[in-house]
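# Structural features, examined
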Amino acid sequence: MVAKKKIESLQDIKSATTATEEPKATRKAVKDKKGRSYATGKRKDAVARVWIMPGKGNITINDKSIDEYFARPVLKMVINQPFAITNRENEFDVVCTVKGGGLSGQAGAIKHGISKALNEYEPELRTTLKSAGFLTRDDRVVERKKYGKAKARRSYQFSKR
């Protein structure tokens, strides 16, 4: 049995808490043979498979450049948010395949995948990405249509005649 130390002053409390705390285990970076990290991102019905590797900042989506695939600047900004918040602009090349959903859902899925892949590549970025909410999967999806209704909740127009 371990004898408990009697705590009588503030200094005893500080020494007791620092002695019992163990250092956090640091996660190792997960990379394949080619030096890439992989992650899957999801948003609405879109699923993105994302690989990041050191490079010049080129982003390829379904064998097209980001400018060809996403015409709207807002969607390009959404995809680049994980790099901007971690100060890693133009340091990584991204190759991803995305399917399902619309363009905004696909952009959100790519952002989620890039964030998870960055976390795998550099685990020390986890706190930054987590506090920005980029590692959390946004699970909101469209509600299904119900029978007897025009949409999920919208009823058909009522007429007294």
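Summary of the structure given here. Every residue gets a number counted from 1 within its own chain, in the order that chain's sequence is written. Where local features are concerned, this predicted model is filtered to residues with pLDDT of at least 70; where side-chain atom pairs are given and counted, the filter is 80 or more; whole-chain, interface and lining totals use all residues. Side-chain calculation: all heavy atoms of the structure are included, whereas hydrogens and water are not.

## Section: the packing of aromatic side chains
- Ring geometry is summarised as follows: Phe, Tyr and Trp rings, the Trp one being its six-membered ring, pair when their centres sit within 6.5 Å, and such pairs are stacked at plane angles under 30 degrees, edge-to-face over 60 and tilted between the two. Tallied over the full model, the rule gives four aromatic pairs.
- Taking 5.0 Å as the distance between ring centres and 80° as the angle between the ring planes, the aromatic pair formed by Tyr69 and Phe70 counts as edge-to-face. For the pair Tyr69 and Phe70, one class covers both residues: buried.
- What links up through ring pairs into an aromatic cluster is the set Phe83, Phe92 and Tyr121.
- Charge-over-ring placement is defined geometrically: NZ (Lys) or CZ (Arg) within 6 Å of the ring centre, and within 35 degrees of the ring normal. Sitting above the plane of the Tyr121 ring, Lys31 keeps its charged end 4.2 Å from the centroid. Burial classification: accessible surface area is computed with a 1.4 Å probe over protein chains only, and a residue below 20% of its type maximum counts as buried, one above 50% as exposed, and the rest as partly exposed.

## A word on the sheet that holds strand S5 (residues 92-99)
- Spatially, S1-S2-S5-S3-S4 is the arrangement adopted by the five strands of the open sheet, whose pairing is mixed. Each having just a single partner strand, strand S1 (37-43) and strand S4 (64-65) make up the two edges of the open sheet.
- DSSP bridges decide pairing: two strands pair if at least two such bridges lie between them. Numbering of helices and strands runs from the N terminus; a helix is a DSSP stretch of H or I covering at least four residues, while a strand is a stretch of E covering at least two. Taken together, the two bridges between strand S3 (residues 59-61) and S4 define a ladder with antiparallel strand orientation. The residue bridging Ile61 from the neighbouring strand is Lys64, located in S4.

## Focus on the nonpolar core
- Residues enter a nonpolar core if they are buried and are Ala, Val, Leu, Ile, Met, Phe, Trp, Tyr or Cys, with the set joined through side-chain atoms within 4.5 Å. Formed by 29 residues in total, the largest nonpolar core has its most connected members in Ile52, Ile61, Phe70, Ile79, Ile110, Ile114 and Leu118.
- Within the residue set of this core, elements represented by two or more residues are strand S2 (46-54), S3, helix H2 (66-69), helix H3 (73-85), S5 and helix H4 (103-121).
- With seven residues, the top contributor of residues to this core is H4.
- The contact criterion used throughout is that any non-hydrogen atoms of two residues lie within 4.5 Å. The residues touching Leu118, leaving out its near neighbours within four places in the chain, are Ile52, Pro82, Phe83, Thr86, Phe92, Leu125 and Leu129.

## What to know about the side chain of Glu122
- Its location among the elements puts Glu122 in the loop between H4 and helix H5 (126-132).
- Excluding its chain neighbours within four sequence positions, the residues that come into contact with Glu122 are Arg88 and Phe92.

## As for unusual backbone geometry
- Notably, Asn62 is not glycine yet its phi reads approximately 50°, a positive angle.
- By the element assignment, Asn62 lies in the loop between S3 and S4.
- Of note in this structure, Asn90 is not a glycine but carries a positive phi near 60°.
- Turning to its location among the elements, Asn90 is positioned in the loop between H3 and S5.

## Some details on the pattern of salt bridges
- We define a salt bridge as a side-chain nitrogen of Lys or Arg found within 4 Å of a carboxyl oxygen belonging to Asp or Glu. One pass over the structure, following the stated rule, counts seven salt bridges.
- The salt bridge involving Asp138 is made with Arg43; its shortest N-O contact spans 3.6 Å. Taken together, the residues span a long stretch of sequence, with Asp138 in the segment after H5 and Arg43 in strand S1 at a distance of 95 residues.

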